[in-house]
Amino acid sequence: MINKVINGPDEAVADIFDGATLMLGGFGLCGIPENTIDALLRKGVKRLTCISNNAGVDDFGIGLMLKTRQVVKMISSYVGENQEFERQLLSGELEVELLPQGTLAERIRAGGAGIPAFFTPAGVGTEVAEGKEIREFNGKKYLLESWLKADFSIVKAWKGDTAGNLIYKGTARNFNPMMATAGKITIAEVEELVPAGELDPNMIHTPGIFVQRIFQGSHYEKRIEQRTTKS
Amino acid sequence: MINKVINGPDEAVADIFDGATLMLGGFGLCGIPENTIDALLRKGVKRLTCISNNAGVDDFGIGLMLKTRQVVKMISSYVGENQEFERQLLSGELEVELLPQGTLAERIRAGGAGIPAFFTPAGVGTEVAEGKEIREFNGKKYLLESWLKADFSIVKAWKGDTAGNLIYKGTARNFNPMMATAGKITIAEVEELVPAGELDPNMIHTPGIFVQRIFQGSHYEKRIEQRTTKS
Amino acid sequence: MLDKHQIAKRIARELKDGYYVNLGIGIPTLVANYIPQNINVVLQSENGLLGIGPFPAEGEVDADLINAGKQTITMVDGSSLFSSAESFAMIRGEHVDLTILGAMEVSENGDIANWKIPGKMVKGMGGAMDLVASAKNIIVAMQHVNKEGKSKLLKECTLPITGLHCVKKIVTELAVLDVLPEGGFRLLEVAPGVTVEEVQNATEGKLIVGGEIKTIEV
Amino acid sequence: MLDKHQIAKRIARELKDGYYVNLGIGIPTLVANYIPQNINVVLQSENGLLGIGPFPAEGEVDADLINAGKQTITMVDGSSLFSSAESFAMIRGEHVDLTILGAMEVSENGDIANWKIPGKMVKGMGGAMDLVASAKNIIVAMQHVNKEGKSKLLKECTLPITGLHCVKKIVTELAVLDVLPEGGFRLLEVAPGVTVEEVQNATEGKLIVGGEIKTIEV
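Just so it is clear, the structure is predicted and the values come from calculations on it, not from any experiment.

About the thresholds
Residues numbered from 1 in each chain as written. Chains lettered and ligands numbered in written order. Predicted model: local features only at pLDDT ≥ 70, side-chain atom pairs only at ≥ 80, totals over all residues. Heavy atoms only, no water. Pairing = 2+ DSSP bridges. Helix = DSSP H or I, 4+ residues; strand = E, 2+ residues; numbered from the N terminus. Salt bridge = Lys/Arg side-chain N within 4 Å of Asp/Glu carboxyl O. Contact = heavy atoms within 4.5 Å. Phe/Tyr/Trp six-rings, centres within 6.5 Å; stacked < 30°, edge-to-face > 60°. Buried < 20%, exposed > 50% of the residue type's maximum accessible area, 1.4 Å probe, protein only. Lys NZ or Arg CZ within 6 Å of the ring centre and 35° of its normal. Axes fitted to C-alpha atoms, helices over the stretch in contact; angles between N-to-C directions. Parallel < 35°, antiparallel > 145°, perpendicular 65-115°, else oblique. Left-handed = near helix turned anticlockwise from the far one by under 90°. Nonpolar A, V, L, I, M, F, W, Y, C, P; charged D, E, K, R; others polar. Buried area = accessible area lost by both parts, 1.4 Å probe. Polar contact = N/O pair within 3.5 Å; in protein donor to acceptor, adjacent residues only side chain to side chain.

Chemist: Got a minute to help me understand the sheet that holds strand β6 (residues 105-107) of chain D in this structure?
Modeler: Backbone hydrogen bonds are what pair the strands of a sheet, in a parallel or an antiparallel way. A sheet is described by the order of its strands in space; here three strands give the open sequence β7-β6-β9 (chain D), paired in mixed fashion. At either margin of the open sheet sits one strand with a lone partner, and together these are β7 (112-113) and β9 (153-154) of chain D.

Chemist: How should I be thinking about the pattern of salt bridges in this particular structure?
Modeler: Once the charged atoms of two side chains with opposite charge are near each other, the side chains can pair. This model, assessed by the stated rule, comprises 58 salt bridges over all chains. In this structure, Arg 69 of chain A engages Glu 93 of chain A in a salt bridge whose closest nitrogen and oxygen atoms are separated by 3.1 Å. With a gap of 24 residues between them, Arg 69 of chain A in the loop between α3 (62-67) and β3 (71-76) and Glu 93 of chain A in the loop between α4 (83-91) and β4 (95-98) connect regions that are remote in the sequence. Residues joined by salt bridges that share partners form a network here, namely Lys 156, Lys 169, Glu 191 and Lys 222 of chain A together with Asp 62 and Asp 64 of chain C.

Chemist: Explain the interface of chain C and chain A to me, please; I cannot follow it from the model alone.
Modeler: As a measure of interface size, the accessible area lost when the parts come together is often cited. Chain C puts 47 residues into the contact, and the matching count from chain A is 49 residues. Counting across the interface, chain C meets chain A through seven salt bridges. The partner of Lys 140 of chain A in a salt bridge is Glu 94 of chain C, with the nearest N and O atoms 3.6 Å apart. At the level of secondary structure, the elements contributing two or more residues to the side of chain C that touches chain A comprise α3 (84-92) and α4 (128-134) of chain C. Broken down by element, the residue count for the side of chain C that touches chain A peaks at five residues, all from α3 of chain C.

Chemist: It is not clear to me how the sheet that holds strand β6 (residues 105-107) of chain C should be interpreted in this structure. Could you clarify?
Modeler: All names here are of chain C. Across the sheet, three strands lie side by side as β7-β6-β9; this open sheet has mixed pairing. Looking along the sheet, the strands with just one partner apiece sit at the ends: β7 (112-113) and β9 (153-154). Pairing of β6 with β9, which is carried by two bridges, proceeds in the parallel orientation. Its bridge partner lying in β9, Val 106 is registered against Leu 153.

Chemist: Help me understand the environment of Leu 22 of chain A, please; the structure alone is not making it clear to me.
Modeler: All names here are of chain A. Relative to the helices and strands, Leu 22 resides in strand β1 (residues 21-24). Distance in space between the C-alpha atoms of Leu 22 and Leu 104 is 14 Å, their sequence separation being 82 residues. In contact with Leu 22, other than residues within four places in its own chain, are Ile 16, Leu 40, Leu 48, Thr 49, Cys 50, Ile 51, Ala 150, Phe 152 and Ile 154.

Chemist: Could you clarify how one ought to interpret the packing of aromatic side chains in this entry?
Modeler: Ring pairs (aromatic) are described by centroid distance and by the angle formed between their planes. Applying the stated rule across the entire model yields eight aromatic pairs over all chains. Geometrically, the ring pair formed by Tyr 142 of chain A and Trp 147 of chain B is edge-to-face, given 6.4 Å between the ring centres and 85° between the ring planes. Of this pair, Tyr 142 of chain A sits in strand β7 (residues 140-146) while Trp 147 of chain B sits in the loop between β7 (140-146) and β8 (150-161), which puts the two residues in different chains. Here the two residues Tyr 142 of chain A and Trp 147 of chain B agree in accessibility, since each one is buried. Directly above the ring of Trp 158 of chain A sits Lys 159 of chain A, whose terminal nitrogen or CZ lies 4.6 Å from the centroid. If you follow Lys 70 of chain C out to its NZ or CZ, it ends over the ring of Phe 27 of chain A, 5.4 Å from the centre.

Chemist: What am I meant to see in the packing of helix α5 (residues 101-113) of chain A against α3 of chain C here?
Modeler: In a packed pair of helices, the relevant descriptors are the angle between the two axes and the axis-to-axis distance. Contact pair α5 of chain A / α3 of chain C: the axes reach a minimum separation of 9 Å and the direction vectors enclose 120°. In terms of orientation, α5 of chain A and α3 of chain C fall into the oblique class. α5 of chain A and α3 of chain C meet at a crossing whose hand is left-handed. Together, Gln 101, Gly 102, Ala 105, Glu 106 and Arg 109 of chain A of α5 of chain A and Ser 84, Ala 85, Phe 88 and Arg 92 of chain C of α3 of chain C make up the contact between the two elements. Per-class residue counts for the contact of α5 of chain A with α3 of chain C are three nonpolar, three polar and three charged.

Chemist: Even after reading the chapter, I still don't get the interface of chain D and chain B, so can you show me in this structure?
Modeler: Contacts between the two partners involve 47 residues from chain D and, on the opposite side, 49 residues from chain B. Carbon and sulfur atoms supply 59% of the area buried between chain D and chain B, which totals about 3,900 Å² over both sides. Three residues, Asp 64, Lys 70 and Met 121 of chain D, lead the burial of chain D against chain B; their summed loss comes to 20% of the area buried on that side. The interface formed by chain D and chain B includes seven salt bridges. Here Arg 227 of chain B ties to Glu 58 of chain D by a salt bridge, and the two come within 3.2 Å at their closest N and O atoms. Counting across the interface, chain D meets chain B through 23 residue pairs in polar contact (both at pLDDT 80 or more). Here the side of chain D that touches chain B is built from residues that sort into 22 nonpolar, 14 polar and eleven charged.

By themselves, these observations are geometric and do not establish any function.
Set out below in structure tokens:
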């Protein structure tokens, strides 16, 4: 089996270039590639377009890359909880493209699956539909959306093996599996890296074919945005 | 959790009507719903349109339903290994629509996912493209394919729980997961049925929301088409 | 007048045995607290979970298990986890029976506006546009009038649209109303102490009053 | 002239370390027997497996584990299983590096016909149309002439097309040829004992001969 293991996040991002388009997994701060984001901060790569459902918070996740002005464009479905984001957006330093969450997920899946365009009902009659082809099927209107791809996809999994197979945990799965399929280069950081053959082939969420680089991350903070408990 | 358990295959097919469109999981004879096919034979329901990657062999799988003339149309990607099939096709008793295997899989997935149409490169320049819209994206030609849905989807899984969650085994997974999403009513037969809560939520292949009826099948023959072993 | 918990409780009576339900952020989330004991309802979280359970005990908090509002949660027996693409396949494919969400405005033909106020920072539509474009049944939980005292049940939405012709029912602090297929808000129930006239005054769109108007049980 | 095992062996030399490869039914399946020891190659089976292993021992046969030719197989360490939709997402999305398949005809501009003979029972295209429409690199393994002695390397295909402009290389019992982007079969190697003239006589399409023609190592 092909060995995809690299030394760590700095090696993973070594060839990420200024102006690259990145996909970053996660929903809110859940399931984000913490170690690789840190490496991107260290590398200081600039003018990035980031495709990610959210933009992190001021001092964690993609928010950290906004603070260092490494991001020029975000493609997301929801970008609240971030003061610096708001400031850059209003000042025109940052461009934002907002998409319905399901459309974002499906466009990324389409990018990985070789489907250049598909029809979806989400956004019909809204400003999301502006300039897009509308077509009726069985009496209901749908709009045409195109695939999304990235130069690099950066995902976070729970377990992974040396062949690049990934298993996610809980709702930390979210956008990670589709993004893993839609990057020219896909970088996976995992909490536990095991030799090929240890994971059950029947229980793999992302087959290794989609992953070019894998490493075991360290010191996962896993910050919680809304800590809610039973009273 | 909602309980989807029914008594058995005869109850599962009780309301399948003459002229219905069925999806049946399986690749060759691997992962086919053996018990439910037997119940369809007993019920004798007629004029069925069957969407299934293959058409079984003369004396097993969908081939049994061809012998009893219950099927008027097959939508498949490959229909070899079946003499009776060939006879009915040549005599005009049976209509056949052949689709590229990936197009068949994706059209079913689209049916379950609320995507009425999508572009695919498979079949461009071939007779599959006749009458279909062709469009170019990034210099490559694609054709527009529409979703497929069924009145009843009939799938076979390895394990299932009372809430309808399913886990498949090996390559018996194949078309079953997509078909489970694309039926108005989805019937699942499983080798082992367990109470909700026993299966790991992180390892479910088909979430219970897609399954309306589930039962534990019996006497799985699992016939092998090409028994090949190391010499 | 109903408080937000009473609105949630009233909406919970719309749930039927066997329903898969998506609850939006805010009042809709509270509906989970009032699901009748005698029915089975499964809650979907669009970030990838079917079978949301109660909030965790202090020692059971798992950062890898959150709902769409980013709150820590638990799972009930029989849950399943999946990707965002699969989650919205579920939603878009009309497998979810009921969606309950908040709104800034609803028009008398069922249009909804709930994601953007021109001139204010736009945070995004999240999954709202997918949900309203795909749900078989949509119930809106909201205040009848906004902070400036203006009606939120309008002839036409003034804010940017989230989806067209999709809202089926509205529950506010004043009343329960159906949105009729042919247009108009049909008054079904009023809150205790609220008169039909008060509902009329708070409703800019066409209000249809006819037959028995019940009082909401609280 | 090469036998089918020698054709497979020659094709195996096209494999590169790290390749994910889809092997069609027939001669292509035999390529698995000749993968060089010093490289890692993962075989994809379009019915839902990455990591095909050897045929099972008699006692290890599992009816739930077959390849696309419906033969019982095993899995190597690091395998993964998935649905047909995911499998063809992999293929269509160009994640598979190389596809090796048989053909009835190939034209000098790379068109391939391999699924249907008019007048004969049509069994279907299976996954062939998806594979040829999506693969980055396609090598055809076939006989140079058909049973009637007619060339299968043509100016234009006469049989119904499976895919256009897709075949990159052909290995037959007589020769190894590249299909040039501008059209034409470029002769690279001949089988031991086969002359360029014999290849020319067996090739109806434009044969391009120039530079050194090696003899295939067998």
